[in-house]
Amino acid sequence: MVGCLGDLYESIGKLGQSYMLTTQTKDSILNPQLSISAAELPLLPASSSRSSSGYSGYGNTEKGFVKGVVTYMVMDNLEVSPMSSISSVTLLNKFKIQDLSQLEERMVVLGKDEAWKLLKESLQTKNVLTRVFLGSMVN
C-alpha cells in the first residue's frame, strides 16, 4: 500500500479499548458508516437558522476519539501509540540516539491547510509529518 493510512489504521487497531473514549469509538474509526446518505446532505444550509451542529455524527460531548489524560506519540508514518518512559527509551534505542542534545522539540500549528497537506501526504508517503511540517528543511 502506498502511503501510510494502513499504518495509522493498524496502530489504532492495536490500541487497547481502555484508551478510547467509548467502546464504540474504535469500531466507528476502523469501520465507519455513513449516518445519512450524501443525497440527504445539502452542500449549503437551506437557511441561516440551521444549527451548525445539525450534522454531527457523534453524540459524545468530549471531542476526539481517545482519552485526554494519556499522552500519545504519533510517528512520522502516523502510527499512534500511548507514550510512556519505556516507549520513549525504546524509541531512542531504535534510532540509536546517544546524545539527547540531537533532539529538538517542535510545536506545530494544525489548521485547515495543514490538515489537507497531511491527508495528501498520507496517501503518497510514509514520511508524512516530516514532509508537512519540515518540508523545505529536509534534503
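Small disclaimer: the values here were computed from a predicted structure and weren't measured.

One finds C4, L8, I12, L15, M20, I29, Y72, L78, V80, L118, V128 and V132 forming the largest nonpolar core, which totals 12 residues. Listing elements by their share of this core, those giving two or more residues are α1 (5-14) and α5 (128-134). Here V80 is in contact with L8, S11, L15, Y72, M73 and V74, once residues within four sequence places are set aside.

A few words now on a nonpolar patch on the surface. Judged by side-chain polarity, W116, L119 and L123 come together as a nonpolar surface patch covering roughly 340 Å² of accessible area. Of note, L119 is situated in helix α4 (residues 112-122).

On to the pattern of salt bridges. Counted under the stated rule, the structure contains 4 salt bridges. With its nearest N and O atoms 2.9 Å apart, the salt bridge here joins E104 to R106. Between R131 and E121 there is a salt bridge whose closest N-O contact spans 3.3 Å. Of the two residues, R131 sits in helix α5 while E121 sits in helix α4, which places them 10 residues apart along the sequence. Given the relative accessible area of 45%, R131 is considered partly exposed.

This part covers the packing of aromatic side chains. Per the counting criterion, the structure on display carries 1 aromatic pair. Taking the centre distance of 6.2 Å and the plane angle of 75 degrees together, the rings of Y19 and Y72 count as edge-to-face. Note that Y19 is positioned in the loop between α1 and α2 (23-30) and Y72 in strand β1 (residues 72-74), a separation of 53 residues in sequence.

Turning our attention to the packing of α1 against α2. The relative placement of two packed helices comes down to the angle between their axes together with the axis-to-axis distance. One can describe the packing of α1 onto α2 by two numbers: an axis separation of 10 Å at closest approach and a directional angle of 160 degrees. With respect to their mutual orientation, α1 and α2 come out roughly antiparallel. Considering how the two elements wind past one another, α1 and α2 form a crossing that is left-handed. For the pair α1 and α2, contact is made by Y9, I12, G13 and K14 and by K26, I29 and L30, respectively. Of the residues belonging to the contact of α1 with α2, the class tally is 4 nonpolar, 1 polar and 2 charged.

Glancing now at the environment of V132. Relative to the helices and strands, V132 resides in helix α5. Residue classification places V132 among the buried positions, given a relative accessible area of 15%. In the structure, V132 is positioned 18 residues away from E114 in sequence and 7.0 Å away in space, judged by C-alpha atoms. Beyond its immediate sequence surroundings of up to four residues, V132 is in contact with E114, K117, L118 and E121.

Within the secondary structure, S87 is located in helix α3 (residues 85-94). Separated by 2.8 Å, the side chain of S87 and the backbone nitrogen of S84 make a polar contact.

Cut-offs and rules
Residues numbered from 1 in each chain as written. Predicted model: local features only at pLDDT ≥ 70, side-chain atom pairs only at ≥ 80, totals over all residues. Heavy atoms only, no water. Core = buried A, V, L, I, M, F, W, Y, C linked by side-chain atoms within 4.5 Å. Buried < 20%, exposed > 50% of the residue type's maximum accessible area, 1.4 Å probe, protein only. Helix = DSSP H or I, 4+ residues; strand = E, 2+ residues; numbered from the N terminus. Contact = heavy atoms within 4.5 Å. Patch = residues over 30% accessible without salt bridge, like charges linked within 9 Å, V, L, I, M, F, W, Y side chains within 5 Å. Areas by Shrake-Rupley, 256 points an atom, 1.4 Å probe, with all protein chains shown as cover. Salt bridge = Lys/Arg side-chain N within 4 Å of Asp/Glu carboxyl O. Phe/Tyr/Trp six-rings, centres within 6.5 Å; stacked < 30°, edge-to-face > 60°. Axes fitted to C-alpha atoms, helices over the stretch in contact; angles between N-to-C directions. Parallel < 35°, antiparallel > 145°, perpendicular 65-115°, else oblique. Left-handed = near helix turned anticlockwise from the far one by under 90°. Nonpolar A, V, L, I, M, F, W, Y, C, P; charged D, E, K, R; others polar. Polar contact = N/O pair within 3.5 Å; in protein donor to acceptor, adjacent residues only side chain to side chain.

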